[in-house]
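# Descriptive structure summary
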Amino acid sequence: MSERTTWNNNYIFLMAMIGSAVGLGNIWRFPYIYYTNGHGTFLIPYIIAILVLGLPFIFLESSLGLKFKESLINTFQKVGDKLQIIGWLIIITVFLITTYYICIVGWDLIYFFLSFTKAWGANPATYFTTNVVQSSNVLHFVPLVGISILVIWILIWFICHKDLNDGVGKAVNILVPLMFVIMIGIVIYSLTMPGASIGIKEFFTIDWNALGNLNIWLAAFGQIIFSLSLGMGIILTYSSYLPEKTNLTKNAVMTIFANCGFEVVNAIGVFSILGFMVLTSGIPFNQLIIEGTGLAFIAFPEVFNVMGPVSYILGPIFFLCILIAGITSLISMLELISSSIGDKFKLSRKKVTTILCIIGFLVSMIYATSFGSYLLGIVDSMLNNVILLLIIIIECIIFGYIYSMDKLMEILNENTLFKVGNWWKYCIKYITPIILIILWISGVLSFIFTAPTKELIIRGALILILIIGPILAYLITKKLDIKKSKSNNLN
Ligand code: PFF
């Protein structure tokens, strides 16, 4: 067996981990979730979610990576042959996430160019729906979005087809620090804007009664899962390239610190900028703070419209920051998929990356249509609120009950002064799954009762893909394994 590649040094590994974690979720999801779930009070369930879910899960995935030094599918196979099906479920889920996530990054690339002239005009909301995504009841292709997605795919291919350190390593080494510098620059500037104090006041408002509301706890756990890219095997894959003597616990703490620090500080900047908007336009804060595409592609262009000449610098820098955050997350998703498929089908890195990028590009063209943004919303909520949660629950059961966590605890405690104790096992075995099961049931129920029938059909189709896909992939690779062992025996 050939030696597995290792990261050039621990710093590069950390940059890759932070690059994967810091993404669109940090920039546009966190401020809204924070605001709608008790403002300052949200920090309490958020910190608890880090301690009982974020930290234990990163420990789990990174120790698995270092123990087996294999891609995700091979790791699952070593734990139990049939468990590969779960591995394939994760791979297909992350592939589907990649294909729509890249579309949002594509929209951002368009806005990066628009921001130099504020080409979105006086009404950014209309511009977004009619000129950029071109939503309509009649199906048609949207060339601008298609080209933009293609450009991002080419960029991702360019980074990922090279050897680990030459491609991913070099990219994250430059991009991740740059992203932090930009974000800190924007936040410092935003704090000096008139009206910033209105936003800051909103940010630090405390409502103790909110702590009794189950929803804010669920929101905190949901945010930590998405933001830290938990359960998707990315941390496992990146950790499989680590040298034997690595301090895993320190790396986990630093990743969490950087990721969560980024989203909290970034939110302070977003709140300050929206405070400025409240002051200049008189629109109340609660109407300005919106989620996702609304915040980045509608609310922010509106702010830039009233900002004066500095917006011609701040605008492009803001969209560049989202672009970098998106690209470094996309790289990690592709690395997970290509390492598993490359290992299983014995394909070179270059070949597997090229094939995956072509297939990924073709699938993501669904989002370059007039139905794209509607479809994206449904697929995103389905995968994040239902499928990912289910995957993490299953992982807790596999690694908490089927596989012995003691073996992993040894690895975690090997090169560190901070020893992991039994509390870690309790989190993975009991606390995390129980909380996630509650979260999952409430998510599924709300889908069943609130989604229109048309959406249910799309959700049903997705579920079908996620059931048939993994089983089929398992059967195909099983056949390949049998063939290989037969030809080995003959030789
Ligand atoms: N953590 C990334 C974010 O906050 O945007 C999102 C993400 C990365 C999701 C990697 C899924 C994934 F596989």
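Here the structure is a predicted model, which is why all the values come from computation and not from measurement.

Parameters and conventions
Residues numbered from 1 in each chain as written. Predicted model: local features only at pLDDT ≥ 70, side-chain atom pairs only at ≥ 80, totals over all residues. Heavy atoms only, no water. Helix = DSSP H or I, 4+ residues; strand = E, 2+ residues; numbered from the N terminus. Rg over C-alpha atoms; globule rule 2.2 N^0.38 Å. Buried < 20%, exposed > 50% of the residue type's maximum accessible area, 1.4 Å probe, protein only. Contact = heavy atoms within 4.5 Å. Areas by Shrake-Rupley, 256 points an atom, 1.4 Å probe, with all protein chains shown as cover. Lys, Arg positive; Asp, Glu negative; His and termini not counted. Charge placed at Lys NZ, Arg CZ, Asp CG, Glu CD. Salt bridge = Lys/Arg side-chain N within 4 Å of Asp/Glu carboxyl O. Axes fitted to C-alpha atoms, helices over the stretch in contact; angles between N-to-C directions. Parallel < 35°, antiparallel > 145°, perpendicular 65-115°, else oblique. Left-handed = near helix turned anticlockwise from the far one by under 90°. Near = heavy atom within 4 Å. Polar contact = N/O pair within 3.5 Å; in protein donor to acceptor, adjacent residues only side chain to side chain. Patch = residues over 30% accessible without salt bridge, like charges linked within 9 Å, V, L, I, M, F, W, Y side chains within 5 Å. Nonpolar A, V, L, I, M, F, W, Y, C, P; charged D, E, K, R; others polar. Phe/Tyr/Trp six-rings, centres within 6.5 Å; stacked < 30°, edge-to-face > 60°. Core = buried A, V, L, I, M, F, W, Y, C linked by side-chain atoms within 4.5 Å.

Now for the overall build of the protein. Of the regular secondary structure elements, the protein holds 20 helices and zero strands. The C-alpha atoms of the protein give a radius of gyration of 22 Å, which matches the 23 Å a tight globule of 491 residues would have. For the C-alpha atoms alone, the extent of the protein along its principal axes is close to 75 × 50 × 45 Å. Going through the 491 residues of the protein one by one, you find that 58% of them count as buried. For the protein, contacts bridging at least 24 residues in sequence account for 85% of all contacts bridging at least 6. Working note: accessible area of the protein is about 20000 Å², and carbon and sulfur atoms make up 69% of it. Averaging the locations of the 28 positively and 22 negatively charged side chains of the protein gives two centres separated by 8 Å.

Here we take up unusual backbone geometry. Note on backbone geometry: most residues besides glycine have negative phi, and most peptide bonds are trans. Its identity is not glycine, yet H39 carries a phi of approximately 50°, on the positive side. As for its placement among the helices and strands, H39 is situated in the loop between α2 (24-36) and α3 (43-68). The exposure class of H39 is buried, given its relative accessible area of 14%. In the Ramachandran plot, K118 falls in the positive-phi region, its phi being about 50° despite a non-glycine side chain. Mapped onto the elements, K118 comes out in the loop between α5 (84-114) and α6 (124-132).

Glancing now at the pattern of salt bridges. All chains considered together, the criterion is met by eight salt bridges. The partner of R349 in a salt bridge is E335, with the nearest N and O atoms 2.7 Å apart. With R349 in helix α16 (residues 349-364) and E335 in helix α15 (residues 311-345), this pair connects stretches of sequence that are 14 residues apart. The exposure class of E335 is buried, given its relative accessible area of 1%. Where D406 meets K425, a salt bridge forms, and the shortest distance between an N and an O atom there is 2.7 Å.

What follows deals with the packing of helix α18 (residues 405-414) against helix α19 (residues 422-450). In contact at an axis separation of 11 Å, α18 and α19 are set at 135° when each is read in the N-to-C sense. Judged by the angle between their axes, α18 and α19 are oblique. Two packed elements cross with a definite hand, and for α18 against α19 that hand is right-handed. Each of M405, D406, L408, M409 and L412 in α18 lies in contact with α19, whose residues at this interface are N422, W424, K425 and I428.

With that settled, the discussion passes to the site of the ligand. Among the 15 residues in the neighbourhood of the ligand, the closest are listed as G25, Y101, F226, M232 and I234. Here S227 contributes a backbone N or O atom positioned 3.1 Å from a nitrogen atom of the ligand. In this structure, a nitrogen atom belonging to the ligand sits 3.0 Å away from a side-chain N or O atom of S229. Its free accessible area being 340 Å², the ligand has 100% of it covered by the protein chains. Only α1 (10-21), α2, α5, α10 (214-227) and α15 provide two or more residues apiece to the shell around the ligand. With three residues, the single largest contributor to the shell around the ligand is α2.

Together, F345, I463, L464, I467, I468, I471, L472, L475, I476 and L480 give the surface a local cluster of nonpolar side chains, amounting to about 860 Å² of exposed area. The element best represented in the nonpolar patch is helix α20 (residues 453-490), accounting for nine residues. Within the secondary structure layout, F345 lies in helix α15. The partly exposed category is assigned to F345, whose relative accessible area is 32%.

Here α2 crosses helix α12 (residues 248-281) at 70°, and the two axes come no closer than 9 Å. Relative to α12, α2 is oriented roughly perpendicular. Of the two elements, α2 crosses α12, and the hand of that crossing is right-handed. Contacts between α2 and α12 pair G25, N26, I27, F30, P31, Y34 and Y35 from the former with N259, F262, E263, V264, N266, A267, V270 and F271 from the latter. The residue inventory of the contact of α2 with α12, partitioned by class, reads 10 nonpolar, four polar and one charged.

Within the secondary structure layout, L175 lies in helix α8 (residues 165-191). Sequence separation of L175 and F95 is 80 residues, and the distance between their C-alpha atoms is 23 Å.

The tally for this structure, following the rule as stated, stands at 41 aromatic pairs. Ring geometry for W7 and Y241: centres 5.9 Å apart, planes at 80°, overall edge-to-face. Pair noted here: W7 is in the segment before α1 and Y241 is in the loop between α11 (234-239) and α12, with a separation of 234 residues, a long-range link. For the pair W7 and Y241, a shared accessibility class is recorded, and that class is buried. Considering the side-chain rings of Y111 and F319, the 5.7 Å spacing of their centres and the 40° angle between planes classify their relative orientation as tilted. Separated by 208 residues along the polypeptide, Y111 in helix α5 and F319 in helix α15 bring together distant segments of the chain.

On to the side chain of Q223, then. With respect to the secondary-structure elements, Q223 resides in helix α10. One polar contact links Q223 to E263, side chain to side chain, over a distance of 3.0 Å. Contact partners of Q223, with chain neighbours within four places excluded, come to G25, R29, F30, I33, Y46 and E263.

So, about the nonpolar core. W7, W107, L230 and W424 are the most contacted members of the largest nonpolar core, which has 182 residues in total. The biggest single contributor to this core is α5, with 22 residues. Not counting residues up to four positions away in its chain, the partners in contact with W7 are I12, F13, A16, L164, N165, V168, G169, Y238, Y241 and L242.

In this section: the environment of I86. Counting through the fold element by element, I86 comes out in helix α5. On the basis of relative accessible area, I86 is assigned to the buried category, the value being 17%. C-alpha separation for the pair I86 and F76, spaced 10 residues apart in sequence, amounts to 7.8 Å. With residues up to four places along the chain from it excluded, the contact list for I86 reads F76, I394 and I398.

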